[in-house]
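Per-entry structural report
Next come the chains, spelled out residue by residue.
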Amino acid sequence: MAAKNGVAVCAPLECESLEEMVASMEKAKEEGADIVEVCMASMAVPCHSQVLDQIIQPRTLPAIVSFRMKSSRNSGKGGCYNTCLKVLKRALELHVEFIEMDYEVACEVNMAEYLNNRSNTRIIVSNYVNAGKPSVDKLAHLIACMQATGADVIKLDVPLIAVAVGSKGLISQLLAPKFGGFLVYGTLGGKPVPGLPSLLSLRQVYRLEHVNMDTKVFGVISNPVAHSKGPILHNPTFRHMGYNGIYVPLLVDDIEEFFETYSGPDFAGFSVGIPHKLAAVKCCDEVHPLAKSIGAVNTIIRRPIDGKLIGYNTDCEACISAIEDALRERQVGRNGGCHGTSPISGRTFVLIGAGGAGRAIAFGAKYKGARIVIFNRNYERAKALANEVSGEALPYETLEKFRPEKGAILANSSAVGMEPNSDQSPVSKEALRAYDLVFDAVYTPKITRLLKEAAEVGVTAVSGIEMFVRQALGQFRLFIGGSAPEDFMRKLVMEQF
């Protein structure tokens, strides 16, 4: 049932009808589950114990039968409690692989009856708490109650299952194999649950069967973070290179608090996304000169020899080189190309956004000799950045009517147009005619409305996907301290994005 590292992938099935439960079990098997949790409390049926026979006897996967009191559709504590006991006892009679009972139930029932009158069925006792830390006192009390029955099956080294609910709890599943977890939960396709990965992502992206106690942890620190394609790119590349690492999404509100908490050497490297690129600089013990001059970090490495956090910026080169290559390609097509200076040099470079990515782009454009004009909703932030790059800041409200000189470049580093707001664009289609090239740092969707409309009016459009690939190549080199397989990573992006 379990993978070679001892971890099984479980699909919780919360269904109202027998037919839905049976169909969901088949779907879970197709999507790669090792085991299913049959959540009987979710079913809208008059007699749970009888329906259980029709689910368990023909089952195609090992199963956990649970009846969570707080989730039950039965009214009244007494009726719910009695139904729970009937369901769990019937599950034992059917020789199901596991039964799960609430902590409160386990403390009230005669555990000897459950522990001794069973064949190979194992018992999971669950405790749900709202506090930041699990209730150790409750766990100790439960163990004492079960040992008092005289059964020797309960030891202090029992397998543990940890589930942190909510979007920030995702890593409790993805990192479970590394820290000795027994079970990992994954959801069926089309039924997302905050904090739980999908079965398909567990099998196709994260491949937790390869994760062990020696696995190095990498991740993207961002808020929001669900849009990130980093896991789709970095995890297969780790495996391709034979590197024992996993890359996970990390929903973070306070980046300083994050690094205070995750300070161990196993947390080896991080991508830094919205809105933490500026604040990340202060979290680093050392900052690369380029990142220091930009004032923004998008990559942090924990140096193995001393554990210090070292900050880098791979956004700058990634964006500017993508724009330069697009301009050179167009010039080659028109007049045989040019050599020497950057094709950005001498052009007006209009930048939307003054956050971490915006700062990297602004400094890169400055180094290449562009004249920079910055628009940002916060005018004071735009003005401050403009002063640093010897540019000009204009009020965001004037962007639509701004008409630059011929040959100008427009670069969007804001989140406008990012999924789920992919119908938005920072500039109207008509205004785009004034530009020679339009770049959008947003890469979800792959072709944003801004890029689509730029292409429609005959303007060269450069996707954020190109910047994403280039900055990811730089990050991967820093992650593993070696070369990155560019062809493999580009192929992945083309296939998966």
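Residues numbered from 1 in each chain as written. Predicted model: local features only at pLDDT ≥ 70, side-chain atom pairs only at ≥ 80, totals over all residues. Heavy atoms only, no water.

Here's the deal with the pairing of strand 11 (residues 299-302)
Test applied: Think of it in three bands: with a 1.4 Å probe and only protein chains considered, a residue is buried below 20% of the maximum accessible area for its type, exposed above 50%, and partly exposed in between. Secondary structure counts use DSSP, requiring at least four H or I residues in a row for a helix and at least two E residues in a row for a strand, with both numbered from the N terminus. We treat two strands as partners when DSSP finds at least two bridges between them.
Of the two faces of strand 11, the one carrying Thr-299 and Ile-301 and the one carrying Ile-300 and Arg-302 are both buried. Here three bridges tie strand 9 (residues 267-272) to strand 11, and the two strands are oriented antiparallel to one another. What sits directly across from Phe-270, in strand 11, is Ile-300. Note: strand 11 against strand 12 (residues 309-312), four bridges, orientation antiparallel.

Comments concerning the sheet that holds strand 14 (residues 371-376)
Which entries qualify depends on this criterion: Each axis is a line fitted through C-alpha atoms, and for a helix only the stretch in contact is used; angles between axes span 0 to 180 degrees, taken between their N-to-C directions. Here, two residues are considered to be in contact whenever any of their heavy atoms come within 4.5 Å of each other.
Reading across from one edge, 15-14-13-16-17-18 is the order of the six strands in this open sheet, with parallel pairing throughout. Each of the sheet's edge strands pairs with one partner strand only, and the pair in question is strand 15 (392-395) and strand 18 (460-462). Direction aside, the axes of adjacent strands within the sheet are offset by 20 degrees on average. Note that strand 14 and strand 15 share four bridges and pair parallel. From the neighbouring strand, Phe-375 faces strand 15, where its bridge partner is Leu-394. Contacts from helix 14 (residues 356-367) reach strand 13 (348-352), strand 14, strand 16 (409-412) and strand 17 (437-440), with the element oriented near 175 degrees to strand 13. Packed on one face of the sheet, helix 16 (residues 449-456) meets strand 16, strand 17 and strand 18 and runs near 165 degrees to strand 17.

Observations regarding helix 8 (residues 199-206)
Because an α-helix completes one turn every 3.6 residues, residues spaced three or four positions apart along the sequence face the same direction. Turning to helix 8, its buried residues number three or more, namely Leu-199, Ser-201, Leu-202, Val-205 and Tyr-206. Turning to helix 8, the residues buried within the fold contact strand 1 (8-13), helix 1 (18-30), helix 7 (170-174), strand 6 (183-185), helix 9 (230-241) and strand 8 (245-251). With its phi angle positive at about 45 degrees, Arg-207 sits one or two positions after the end of helix 8.

What to know about the pattern of salt bridges
Selection criterion: When a carboxyl oxygen of Asp or Glu lies within 4 Å of a side-chain nitrogen of Lys or Arg, that pair is called a salt bridge.
Tallied over the entire structure, the rule returns 29 salt bridges. Residue Arg-347 pairs with Asp-436 through a salt bridge whose shortest N-O separation is 3.0 Å. Here the residue Arg-347 occupies a position in the loop between helix 13 (315-335) and strand 13, and Asp-436 occupies one in the loop between strand 16 and strand 17, the gap between them amounting to 89 residues. The two residues Arg-347 and Asp-436 agree in class, both being buried. Put simply, Glu-430 and Arg-433 hold a salt bridge, and the shortest N to O gap is 3.1 Å.

Some details on the confidence of the model for the protein chain
Operational definition: As a per-residue measure, pLDDT tells how confident the predictor is, with possible values from 0 to 100.
A residue-level look at the protein chain finds 88% of positions with pLDDT of 70 or above and a mean pLDDT of 89. The low-confidence segment residues 132-156 (pLDDT under 50) makes 25 contacts with residues lying over four places distant or belonging to another chain.

What about the packing of aromatic side chains?
Counted only if it meets this: Geometry of aromatic contacts follows a simple scheme: Phe, Tyr and Trp rings, the Trp one being its six-membered ring, pair when their centres are within 6.5 Å, and the pair is stacked under 30 degrees between planes, edge-to-face over 60, tilted otherwise. We call a charge positioned above a ring when the Lys NZ or Arg CZ atom is no farther than 6 Å from the ring centre and deviates by at most 35 degrees from the ring normal.
A complete count under the given rule lists 17 aromatic pairs for this structure. Ring geometry for Phe-218 and Phe-479: centres 4.8 Å apart, planes at 45 degrees, overall tilted. Taken as a pair, Phe-218 in strand 7 (residues 216-222) and Phe-479 in helix 17 (residues 464-480) lie far apart in primary sequence, 261 residues in all. Exposure remark for Phe-218: the relative accessible area of 1% places this residue in the buried category. Three or more aromatic residues joined by ring pairs make a cluster, and in this case those are Phe-218, Phe-238, Tyr-243, Tyr-247, Phe-476 and Phe-479. One residue, Lys-178, lies across the ring of Phe-179, its end atom 5.6 Å from the ring centre.

Quick word on unusual backbone geometry
With an omega of -5 degrees, the peptide bond running from Ile-274 to Pro-275 counts as cis. Inspection of the secondary structure puts Pro-275 in the loop between strand 9 and helix 11 (280-283). Following Glu-419, the chain continues to Pro-420 via a peptide bond in cis, the omega torsion being 10 degrees. Of note, Pro-420 is situated in the loop between strand 16 and strand 17. A positive phi angle is found at Arg-207, which is not glycine, with a value near 45 degrees. With respect to the secondary-structure elements, Arg-207 resides in the loop between helix 8 and strand 7. If you check the backbone angles, Ser-390 has positive phi at about 55 degrees while not being a glycine. Within the fold, Ser-390 resides in the loop between helix 15 (379-388) and strand 15. Taking relative accessible area as the criterion, Ser-390 reaches 64% and is therefore assigned exposed.

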